[in-house]
Amino acid sequence: MRLKIIRIIIIVLFLMIVAELFYVQIIRGRFYYNLSVNNRIRVVPLEGWRGRIMGRRGEILADNKISYNVMVTPQEIKDMEGLFSFLSAVLGMDQARLTAIYRERKFTPFTPVTLAENIPRDKAIVIEENKFRFPSLFIQESFKRYYPLRYNSTHILGYVGKINRSRIEQVKEYGYSPPSLIGYSGVEEFYDPQLRGGDGGLQIEVNSRGQQVRLLSLREPTKGQDITLTIDTAIQQIAMELLADKTGTIVVMDTQNGEVLGLVSSPAYDPNYFIEKEYNSQLKRILSHPKSPLLNRAINGQFPPGSVFKIPVALAALDSKKITQHTTFSCPGYFEYGGVVFGDTCQYASQNLIESIAHSCNVYFYHLGLMLGAEGIYKYARALGLGELTNVDLPYEKPGFLPNRRNYLDRRKPWYAGNTINMSIGQGDVLTTPLQLVKMMSTVSREGIEVQPHLIKKIGEREVNQYNAQSQLKISKAVFEIIKQGMRATVTDPAGTAHDLNMPQVYVAGKTGTAQSSSNKEHHAWFVGYAQGDVRNIAFCVLLEHGGSSHNATFIARDLLLMMRQEQLL
Amino acid sequence: MPNVKRNLDKKIWIYTISIIAMGLIALYSAAHENVRVSHKVFYDQFTFALLGIGLMYVIGKIDYRRFYDGAYVFYLINVVLLAYVLLGGRHALGARRWLELGPISFQPSEVTKLALILALGRYLSNRRPSLSFNFFTKAQTFWREFFVPFGITSVYMILIFKQPDLGTALMLFGIFIVMLFAGGIEYRIILGFLIFCLCLSPLGWSFLKQYQKDRLLVFLNPNIDPLGAGYTIIQSKIAMGSGQIFGKGWLAGTQSQLNFLPERHTDFIFSVIGEEWGFVGALLLVYFYFRLISNSLYIAEQVKDPFGVLVTVGIIAILTLQVIINIGMVMGLFPVVGLTLPFISYGRSSLLIFMMMMGFLLNLSRRRTIF
């Protein structure tokens, strides 16, 4: 019975569809047919306005310039020869070259072909005035991305370009079509859906002379949203100058809320190179540069942390009650285990935890490492966010790597006590990104309160709050206090490794690191620390890739802090 | 038994393959000499149609009870997949519908349709007869007969609505209502529920995304804003109507060949058929669909096992709803909700799932005498 009812409903539904088919295709068919065939329809694409990107004080980082493009509708061309000779005279381009471009880009008779892009305004006016002679010709206004501050903030911003084949596969579900622009790397990519304006177009009906008869439909291009970042361009400028001729990265983050104030990776490039065709040679140089300027070292570079890793090790030893702050070990300058000698650069009769952090004594931490075991270190390093993504709002972030028995087993590699010893001073296979270490330092400085590093402040006029959540680590405050004493002693102790940073203007604490890299190049120089200023408290990191001794990093850190102080940024 | 239809399995095969063949021809045209839709789409769909035929054959042979046994597990696995799709893909801020498993990517929302039909089929076929000497209170009966199946459906609906995919979420609701109806629930419960939903719908408005609101508004009032959000509908109507009786000929549709039609290889493929093959071609396709559905209903009428009946009805429901709504949408009869045309729209997951459903019907048509 009920199946009968279902059958009747289905029949009714199908009859309805057939009736509608009949109405649209047969009764109204003529009308639609005229619309579609007898009249000539032309589509004029209108590009959407991409949202601007601004720094925290409203400084414009990415903007749009109007550009004029010369377009031709193939089916409207009457006098091909005349048209191209006219264009070549106006644009100063070779006529054969123009014809070649036209052949290459011609697609269907209806679809306009772009002959020249970004021509000067006066030439555009000349062409517009001669339109009556060549009805196929018209000028399209489009927007061009423009980065006024050039090198400042390169890696944060990324750049825009036409969608390529691999990207279109990922995003075509979301309404992107091949000619539209899309962000590549950086904020341009991460916030592309917000920044991007919707492409629109005019569909116009033209008469036999190519004049517009009426507008059939218009899809307004829509405006993308402006976004405001947490970045301070003044800090960027300072950091960029400090790293000018070096390879490395500087990251500065507000410990109160996780706002990334500065993030510079060197060498950098000018994102305008990707936009303007005239920079082609510079662009090629960037792409083949041996130091890969495209790499954002702060989040995509994975480096051994060296002695900076002693912070999580010390924390682990204290919190799991293996030692107290008064536990001492003597350091003869080397450490022997299982017949293998592990080196150290200094000798001390006996020193406690705080002194050993200040002096960055390897032997002390070899002892801690063996007491904790690899798993003990792993657990705390992981709790501090090492070996996992910080989830900062930038694409392609790398997680770094923390070795332990299990992932060694997965790779069928044996784990020896020697691995643990190497791990306890941040060598072996330990890899971190600079941003991870800044986040760790921020957590330590706030005694266990973790913030989420982020770059977005506002989308349109709306404040973005989703990154403001803070969480509390389950490690006692007393433990953090001892670690902080050790890091402060690194600066204040005359034998401390960062004594250069002992200055009255700024309160600094931190940890140095000189990390061996796998190749036979110079060591990586690290300084990761936090500073309390009048304006704000920051956690920061200076990394010089193959920069030699950590002293090189502390000098830069000193200049960074002093200059920030001078400009009232700290 | 009166009116026994023979050779139902053969008919299912014939109509399924005819529809797919028409679809492939239309898809070839949609992707012809075109930058926006690559040729790959056609070969891709072709490969998956072949794969689907194999799958349909295999499912037709499997022991039918296995679907019953696996129904709930399948349901749960799919819940996990849907949740995973929502949580994964942090990077893309638009809709999240795709799941990547190594080299294979698919849309769990398509699989959901089958999973829901099987799960509801199993649950509803287990209902005790209502003759229980008033052992259960009215509330208990209501709970068992209505709320539990509603819960089963809502989990999926919410997960899919979140993607956001309004069309599929509504489809699931349709499956639920039709299967509940076929399961023999009292009329007044269904009627009451539908009225209840109608009263709540203004509330639902606030849950919709802006673009979904736009589409609905344009549908309700097409003459106010025909140039903005109504772009798609106008273009597809021009394409359909300009086909007239015999169409403009294969590969010769000006609307579709000239990129005026967005989504012409997926949601709007029917307008390609309408434009190039005219009323005759469109009618032929609609006839094939009708015959396929009608024969499926014969299967439902002849099967004795309640699970089989319910699942068949579920399949009929989803097939009918998608065909009617998709075609209606192309002609501006329904709002644009983003539903594919079964067997025809480009979409590997969608094609395979519908062919699996047909395999299930084949299975039943052969075994109807056993139960």
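All values derive from a computational prediction rather than experimental measurement. Residue positions are given per chain, counted from 1 along the sequence in the order it is written. Starting at A for chains and at 1 for ligands, labels are handed out in the order in which the entities are written. Where totals are concerned, whole chains, interfaces and linings use all residues; where local detail is concerned, this predicted model gives features only for residues with pLDDT of at least 70, and gives and counts side-chain atom pairs only at 80 or more.

Next up on the list: the overall build of chain B. Per the secondary structure count, chain B includes 13 helices and two strands. Residue pairs are scored as contacts if the distance between their C-beta atoms, which are placed from the backbone, is within 7 Å. A sequence separation of at least 24 residues applies to 73% of the contacts in chain B between residues at least 6 apart. Each helix corresponds to a stretch of at least 4 residues labelled H or I by DSSP, and each strand to a stretch of at least 2 residues labelled E; elements are numbered beginning at the N terminus.

Here we take up the packing of helix α10 (residues 233–242) of chain A against helix α20 (residues 550–566) of chain A. Residues and elements named next belong to chain A. Only the stretch in contact is used when a helix axis is fitted, and all axes are lines through C-alpha atoms; the angle between N-to-C directions ranges over 0 to 180 degrees. Where α10 contacts α20, the axes come no closer than 10 Å and their chain directions differ by 150°. One element, α10, and the other, α20, form an angle in the roughly antiparallel class. As α10 packs across α20, the resulting crossing turns out to be right-handed. Contacts between α10 and α20 involve Ile235, Ile238, Ala239 and Leu242 on the former and, on the latter, Ile556, Asp559, Leu560, Met563 and Met564. Each angle gets one of four labels, with under 35 degrees taken as roughly parallel, over 145 as roughly antiparallel, 65 to 115 as roughly perpendicular, and the rest as oblique. Crossing chirality is assigned from the near helix's rotation relative to the far helix, an anticlockwise turn below a right angle marking it left-handed and a clockwise turn marking it right-handed.

What follows concerns the environment of Asn257 of chain A. Residue and element names in this part refer to chain A. As for its position among the elements, Asn257 is in the loop between β11 (248–254) and β12 (260–266). Counting other C-beta atoms within 10 Å of its own, a residue is labelled buried from 20 upward, exposed at 12 or fewer, and partly exposed in the gap between, with every C-beta atom placed from the backbone. What makes Asn257 partly exposed here is the crowd of 15 C-beta atoms within 10 Å. Along the backbone, Asn257 and Ile538 are 281 residues apart, and their C-alpha atoms lie at a distance of 10.0 Å.

This next bit is on the nonpolar core. Residues and elements named next belong to chain A. Residues Ile250, Val251, Ala314, Val438 and Leu560 are the most contacted members of the largest nonpolar core, which totals 113 residues. If you tally residues by element for this core, the top one is helix α15 (residues 362–383), at 11 residues. Domain extents, as shown, originate in an automatic or database domain assignment. Two domains each put at least three residues into this core: domain 1 (42–229) and domain 2 (233–288 + 295–566). Beyond its immediate chain neighbours, meaning those up to four positions away, Leu560 contacts Ile238, Ala239, Leu242, Ile250 and Val542. To count as a nonpolar core, a set of buried Ala, Val, Leu, Ile, Met, Phe, Trp, Tyr and Cys residues must be joined through C-beta atoms within 7 Å.

Residue and element names in this part refer to chain B. Packing of helix α11 (residues 269–302) against helix α12 (residues 306–330) leaves a shortest axis separation of 10 Å and a crossing angle of 165°. Viewed along their axes, α11 and α12 adopt a mutual orientation that is roughly antiparallel. Seen along the crossing, α11 lies across α12 with a hand that is left-handed. Across the interface between the two elements, Phe270, Ser271, Tyr289, Ile293, Ser296, Leu297, Ile299 and Ala300 of α11 pack against Val309, Thr312, Val313, Ile315, Ile316, Leu319, Thr320, Val323, Asn326, Ile327 and Val330 of α12. Residue polarity is assigned by list, with Asp, Glu, Lys and Arg as charged and Ala, Val, Leu, Ile, Met, Phe, Trp, Tyr, Cys and Pro as nonpolar; anything else, Gly included, falls into the polar class. Considered class by class, the residues forming the contact of α11 with α12 number 14 nonpolar, five polar and no charged.

Residue and element names in this part refer to chain A. To estimate the expected span of a helix, count its residues, drop one, and scale the result by 1.5 Å. Across its 12 residues, helix α18 (residues 434–445) extends 17 Å between first and last C-alpha, which sits within 8% of the 16 Å expected from 1.5 Å per residue. Among the 12 residues that make up α18, 12 are buried, leaving the element largely enclosed by the rest of the structure. Among the residues making up α18, those that are buried are Pro434, Leu435, Gln436, Leu437, Val438, Lys439, Met440, Met441, Ser442, Thr443, Val444 and Ser445. Just downstream of α18 lies Glu447, where phi reads positive at about 55°.

Moving on, we come to the sheet that holds β11 of chain A. All names here are of chain A. As summarised here, the arrangement of the five strands in space is β12-β11-β23-β22-β21, forming an open sheet in which the pairing is antiparallel. The two strands at the open ends of the sheet, each matched to only one other strand, are β12 and β21 (507–515). Strand-to-strand twist of the sheet, defined as the mean angle between neighbouring strand axes without regard to direction, takes the value 10°. Only strands joined by at least two bridges in the DSSP assignment are considered to pair. In this structure, β21 lies alongside strand β22 (residues 524–532), joined through nine bridges in antiparallel fashion. When the sheet's bridge partners are listed, Ala509 is paired in β22 with Tyr530. Sheet strands touched by α18: β11, β21, β22 and β23 (537–544). Its angle to β23, the strand with the most contacts, is close to 145°.

This part is about unusual backbone geometry. All names here are of chain A. Across the junction of Ser266 and Pro267, the peptide omega takes the value 0°, indicating a cis bond. Along the chain, Pro267 falls in the loop between β12 and α11 (280–288). The phi dihedral of Asn118 falls on the positive side, at around 55°, and the residue is not glycine. Relative to the assigned elements, Asn118 resides in strand β4 (residues 113–119).

Glancing now at α12 of chain B. Residue and element names in this part refer to chain B. Taking 1.5 Å as the rise per residue, α12 with 25 residues should run 36 Å; its terminal C-alpha atoms sit 36 Å apart, in good agreement. In terms of burial, α12 is largely enclosed, as 22 of its 25 residues are buried. With its phi angle positive at about 75°, Gly332 sits one or two positions after the end of α12.

This part is about the environment of Ser109 of chain B. The residue Ser109 of chain B is located in helix α4 (residues 108–125) in this model. Sequence separation between Ser109 of chain B and Ser349 of chain B is 240 residues, and the spatial gap between their C-alpha atoms is 9.0 Å.

With that out of the way, let us pick up the environment of Gly278 of chain B. All names here are of chain B. With respect to the element layout, Gly278 can be found in helix α11. Accessibility expressed as a C-beta count within 10 Å gives 23 for Gly278, which makes it buried. Placed 30 residues apart in sequence, Gly278 and Lys248 show a C-alpha to C-alpha distance of 7.1 Å.

We now examine the confidence of the model for chain B. Residue and element names in this part refer to chain B. In the predicted model, chain B carries a mean pLDDT of 81, and 80% of its residues have values of at least 70. Across chain B, element-level confidence peaks in α12 with a mean pLDDT of 93 and bottoms out in helix α10 (residues 254–257) with 60. Residue-level confidence of the predictor, termed pLDDT, takes values from 0 up to 100. Within the model, pLDDT remains below 50 along residues 89–94, and this stretch shows six contacts once partners closer than five positions in the same chain are excluded. Low pLDDT (under 50) marks residues 222–229, which in the prediction has 13 contacts with non-local residues, meaning those over four places away or in another chain. If you check the scores for this complex, the pTM reads 0.60 and the ipTM reads 0.90.

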